[in-house]
Structures are given as C-alpha cells and as structure tokens.
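The primary structure of each chain is shown beneath.
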Amino acid sequence: MSLSTSSPSLLEGSVSGHLQRLALPMVWGILAVMSFNIIDTYFVSQLGSAPLAAMSFTFPVVMVINSFSIGLGAGASSAVARAYGAREVSNVRRLVTDASVLALLISLVITVIGLLTIRPLFSLLGASPELMPLIEDYMVPWYLGTIFVIVPTIALSALRAIGNSALTGRIMVGVALFNLILDPILIFGLLGFPRLELQGAAIATVIVRAFSFFAAFYFLIRRENLVAAPQWHLGTLIESWRKVLAVGLPAVLTNVIIPMAGGVVVAMVAVHGDEAVAGLGVALRIEPVALIVFYALSAVVGPFMGQNAGAGNIDRLRETVSVLARFCLILGAGLAVLLYFIGAPVVRLFSDSPEVIAVAVAYLSLVPFSYAGYGFVMSANAAFNGLGRPLPATMISFLRVFGIYLPLAWIGNHFWGMAGLFAATATSNLLLGALSWWWLRHETRLRRAEVSATDSLPAS
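As the structure is a computational prediction, the values presented were derived from the model and not from experiment. (Residues numbered from 1 in each chain as written. Predicted model: local features only at pLDDT ≥ 70, side-chain atom pairs only at ≥ 80, totals over all residues. Heavy atoms only, no water.)

### Side note on the overall build of the protein
Thinking step 1. Assigned secondary structure in the protein consists of 16 helices and 0 strands.
Thinking step 2. Relative to a compact globule of 460 residues, whose C-alpha radius of gyration would be 23 Å, the protein shows 22 Å and is just as compact.
Thinking step 3. With the principal axes as the frame, the protein shows a C-alpha extent of 75 × 45 × 35 Å.
Thinking step 4. Each of the 460 residues in the protein was classed as buried or not, and the buried ones make up 57%.
Thinking step 5. Residue pairs at least 24 apart in sequence account for 82% of intrachain contacts in the protein once pairs closer than 6 positions are excluded.
Thinking step 6. Surface accessibility of the protein: about 18,700 Å² in total, with carbon and sulfur atoms responsible for 69%.
Thinking step 7. Between the centroid of the 25 positive side chains of the protein and the centroid of its 21 negative side chains there is a distance of 11 Å. (Helix = DSSP H or I, 4+ residues; strand = E, 2+ residues; numbered from the N terminus. Rg over C-alpha atoms; globule rule 2.2 N^0.38 Å. Buried < 20%, exposed > 50% of the residue type's maximum accessible area, 1.4 Å probe, protein only. Contact = heavy atoms within 4.5 Å. Areas by Shrake-Rupley, 256 points an atom, 1.4 Å probe, with all protein chains shown as cover. Lys, Arg positive; Asp, Glu negative; His and termini not counted. Charge placed at Lys NZ, Arg CZ, Asp CG, Glu CD.)

### Here we look at a nonpolar patch on the surface
Thinking step 1. The grouping of V337, L338, Y340, F341, I342 and F369 at the surface amounts to a nonpolar patch, some 610 Å² of accessible area in total.
Thinking step 2. In this fold, L338 is placed in helix 12 (residues 314-347).
Thinking step 3. Residue class for L338 comes out partly exposed when judged on its relative accessible area of 44%. (Patch = residues over 30% accessible without salt bridge, like charges linked within 9 Å, V, L, I, M, F, W, Y side chains within 5 Å. Salt bridge = Lys/Arg side-chain N within 4 Å of Asp/Glu carboxyl O.)

### Some words on the nonpolar core
Thinking step 1. Within the largest apolar cluster, 158 residues are counted, with the highest numbers of intra-cluster contacts made by F122 and M139.
Thinking step 2. Here this core takes 16 residues from helix 2 (residues 49-85), the largest share from any one element.
Thinking step 3. Not counting residues up to four positions away in its chain, the partners in contact with F122 are F57, T58, V61, A127, M132, I135 and M139. (Core = buried A, V, L, I, M, F, W, Y, C linked by side-chain atoms within 4.5 Å.)

### Digging into unusual backbone geometry
Thinking step 1. Look at L191: it is not a glycine, yet its phi comes out positive at around 55°.
Thinking step 2. Looking at the secondary structure, you find L191 in the loop between helix 7 (165-188) and helix 8 (198-223).
Thinking step 3. Phi is positive for E197, which is not a glycine, with a value near 50°.
Thinking step 4. Take E197: its relative accessible area is 33%, and that puts it in the partly exposed class.

### Side note on a negative patch on the surface
Thinking step 1. On the surface, E130, D274, E275 and E355 cluster together into a patch of negative charge.
Thinking step 2. Examined against the element boundaries, E130 turns out to sit in the loop between helix 4 (118-124) and helix 5 (132-144).
Thinking step 3. When its relative accessible area of 61% is taken as the criterion, E130 is described as exposed.

### Brief notes about helix 5
Thinking step 1. An ideal rise of 1.5 Å per residue puts 18 Å on 13 residues; helix 5 measures up with 18 Å between its terminal C-alpha atoms.
Thinking step 2. Listed in full, the buried residues belonging to helix 5 are M132, I135, Y138, M139, P141, W142 and Y143. (Expected span 1.5 Å × (residues − 1).)

### Describing the pattern of salt bridges
Thinking step 1. For the coordinates displayed, the defined rule picks out 5 salt bridges.
Thinking step 2. In this structure, the salt-bridge partner of E197 is R195, at a minimum N-O distance of 2.9 Å.
Thinking step 3. Its relative accessible area of 48% is what places R195 among the partly exposed residues.
Thinking step 4. Notably, a salt bridge pairs R389 with E443, separated by 3.2 Å at the nearest N-O pair. One end of the pair, R389, is in the loop between helix 14 (371-386) and helix 15 (390-416); the other, E443, is in helix 16 (residues 418-455), with 54 residues separating them in the sequence.
Thinking step 5. Overall, R389 belongs to the partly exposed group, its relative accessible area being 32%.
Thinking step 6. Under the relative-accessibility criterion, E443 is labelled buried at 5%.

### Some words on the confidence of the model for the protein
Thinking step 1. Chain-level statistics for the protein give a pLDDT mean of 85 and a share of 94% at 70 or above.
Thinking step 2. When pLDDT is averaged over each element of the protein, helix 5 comes out on top at 93 and helix 9 (residues 234-270) at the bottom at 80. (pLDDT = per-residue confidence, 0-100.)

### Examining the packing of aromatic side chains
By convention here, two paired aromatic rings are described through the distance between centres and the angle between planes.
Thinking step 1. Scanning the model with the defined rule gives 13 aromatic pairs in all.
Thinking step 2. Their ring planes at 85° and their centres at 5.4 Å tell us that Y340 and F341 sit as a pair that is edge-to-face.
Thinking step 3. F341 sits in the exposed class, given a relative accessible area of 60%.
Thinking step 4. Seen from their ring centres, F398 and F402 are 4.8 Å apart, and the 40° between their planes marks the pair as tilted. Of this pair, F398 and F402 both sit in helix 15, 4 residues apart, roughly one helical turn.
Thinking step 5. With relative accessibility at 46%, the residue F398 sits in the partly exposed group.
Thinking step 6. By way of ring pairs, the aromatic residues F148, F213, F214 and F217 are connected into one cluster. (Phe/Tyr/Trp six-rings, centres within 6.5 Å; stacked < 30°, edge-to-face > 60°.)

### Describing the packing of helix 2 against helix 10 (residues 274-290)
Thinking step 1. As a packed pair, helix 2 and helix 10 sit with axes 9 Å apart at the nearest point and diverge in direction by 60°. Considering the angle they form, helix 2 stands oblique to helix 10. The element helix 2 and its partner helix 10 pack so that their crossing is left-handed. Contact with helix 2, carried on its side by L52, A53, M55, S56, F57 and F59, involves D274, V277, A278, G281, L284 and R285 of helix 10 and no other residues of that element.
Thinking step 2. By residue class, the composition of the contact of helix 2 with helix 10 is 8 nonpolar, 2 polar and 2 charged. (Axes fitted to C-alpha atoms, helices over the stretch in contact; angles between N-to-C directions. Parallel < 35°, antiparallel > 145°, perpendicular 65-115°, else oblique. Left-handed = near helix turned anticlockwise from the far one by under 90°. Nonpolar A, V, L, I, M, F, W, Y, C, P; charged D, E, K, R; others polar.)

### Remarks on the side chain of N429
Thinking step 1. Mapped onto the elements of the fold, N429 is located in helix 16.
Thinking step 2. N429 gets classed as buried once you look at its relative accessible area, which sits at 2%.
Thinking step 3. With residues near it in sequence (within four places) discarded, N429 still touches V367, S370, G373, Y374 and R400.

### Overview of the environment of F193
Thinking step 1. Following the sequence through the fold, F193 ends up in the loop between helix 7 and helix 8.
Thinking step 2. Sequence-distant contacts of F193, defined by excluding residues within four places in its chain, comprise I185 and L186.

What follows is the structure, given as structure tokens:
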C-alpha cells in the first residue's frame, strides 16, 4: 500500500527551488496564523490600555504553550520525514497516528495544570491585582482549548514532513480568515451575540483552532492516507513515542526557552509601568509578521533536511546550509532598513498613547538590525531537528538565553533602561546566528566524513 500524496520528491532537483516552493505557501499560512495576535491586539486595543496590558501579560505564557506544541510537531516531522525519505511507508503511518495520541494526552495535562495556576503564575510575572480578572477572562477559555492548539500542530507537521506545505498553508489561511470574522463579533457583541470583550478574543481563538483540528485530520485521513488504525499495544506506542520525543523533547525545550525568557523580560519591563509592558507587547506582535519569511523557511527546512538525511544525500545537506546563510543575510538587511522607517506609523495603528508608542518604536528601530542572525538561528534549529540531532539546537538556544541574553538584558535594563534591554536582544541574536552557522556547517562535514569512511570499508 502506498502513500496517497502528489508532493514532488525533495531528494533531487534544485535545493533553492524546493525551499522556495515549500516556503511560499507557508509564508501565507504562517502570516495568517500570526494575524491571530495582530487582529486580537487591534480589537482589544479598542477596549483600552488595561485589557491591552492584560493581553500582553498572557503573551509569554501563550507562547510557551505554542512553543511546546511546535516542539512536539518538530519531533513528529523529523521522524516522519526521515522515514518517508527512506521509503518506510508503514512506519510513516504508525508515527503519525501515535504522535497524535501523544499530543492529545499532553494537551489534557497542560489544560489541568494551566487552570490551577493562573493567579500564582501571572502574579509571578508581575501582573497587578487589578489586571488579574482580565487575565482570567482570557486564559480560562484559552486553556480549555489547548487540545485544539497542540494536536493540529502534529497533523500539520506530518503534512509538511512529506512535502505538502501547500495544503498546510491553505488550512492556516482559512483558520485566520475565520478568526478575523469571529473576533469582532464576540469581542464587541455584534449580530446579537453578547459583548465578551477580552474573553471573546480567547473564545474566538478556541473556536477557529477547533476548525483547524477537524480540517487537518480530514485531509490526513481521507486525502493523504497518513493515519493508521489506533494501536493500543503499549510497547508499540512507547516505541513510536520514543522516536518522536527523541527530537521532540529537546525541540520543546528549545522552543520553550525563548518565551520563558520573554516572561522574565516582561517582569523586567513591568517596573517601568503598564504602558511600557503594553508597548513591548505591541512590538512583539509586529515582529513576527516582519519575520514571517524566516518562520516559513524554518518550517520547511526540517522536512527537507530530514528526507535527504534519510536518503543519504549529504551533498544536498551541505548546499542547503549555504543557501540559508545567503538568504538570511539579504532578507535580514532589508527588514532592518524597512522597519527603521515604517515602525512608527505601524505602531500608531495599535495605540495612541505616547508612552506605548515610544517603547514599541525604540524596539523596532534597533532589534531588526539583528534579524539576519535570528533568522539563521531559526533555520539552523529546524535543520538540526530534521537531521535527528536536536541537542545542538537546544544548546544554542540555552546559550543564547541564559549565557548571553538574560545577563545582558539585566545589565542593560539596570543601567540604561529599555534601550539597554533592546541592545541586549540584538547582540544575542547576532552572536548566536554566527555560532549556528558554524555548527551546522560542522555537522554536515561530519556526516560527509562518516559516509566517506563507510564507503571506504571493504565489502564483507
């Protein structure tokens, strides 16, 4: 029985051409998903500074859970892509099915823990008692919908792992358009619905994520034939979970480190007032849109590297590193110049508070000059995961956050305030971008040496 997919092979042809073909639909898909934050921020900002500040406090927590989801998806994608490149058809189906069961169980655990820790967690992050009811309005329905965040990520990652990023992108665009329609209806109480304000933003997100859940599994089952019958034999489940988690757990740690650091930074910024937190929140919602192409590239680099690693195409792995480096340098420079000039008018779309605008513009005038480094870190982490080598990605992220970023952020914030904190962000991005480039090149050289050594062995 063969897999039902029309995706062209990633094992031959132009490396840059394949990456462009795979990344283009993901640009639109990820841009659509990123619009969740932008759209929510825009509509919530119409409610006043307090709801906007409350949403800004939820951002690091939401990002941690999203990053957890992305990490599990990276583990599933890596295992599926390498099995697919090696043409292990039955193993592909088993991995997709068992990874989905694992995601379901994990999402239920996160929901329970999240609901029980809202007040102590956000108090630790520096939220004032006045903001706590607003934070609960947002996080309670969001936690209840965790299953619709984590499980579809596994499904969409499986589609990308076989090279079908176009379908993934279309599902993501459809979900975002649904959110655009539903958000104002539930936030402001249009068309006869009750006015739910901040809570309405969260409920809208849960509803549209549920749509992505059902759409993704419909295509996985009916079109791509990537789901097997449920397997309840514990030994088989554990073996599948081991393959997924071998990359997934380090990838989760890699993806969770940065938003966790973001929570620490929010606490640092909170000493400057709620307006400073709101300003940072606006900047951190604009930034992902600017980085959209980097996100799209990192979403497809892992499957590309995984399939070619599974097939033993080492030369294509080495070529991919060079293509990524050139692209990140060119795009990073362009984004820095663009945001330097248009940052202020874009920020004013989200707030008319001078304090909020000043903080957001300061961030967007400095940090984008390090986007080339940050972009390569993202692609390198995805490449390591795709190769089944997640530890370098974890070590790079750990070093970036705890070895460089947070120490520099504390020093910068202590002596120079917000400007020093933003300079620390830019410095850590550039330093770790250079390290990622060196390490990924070194990894591909090691693989070439291993293949050469194997080929030189006499036949038995």
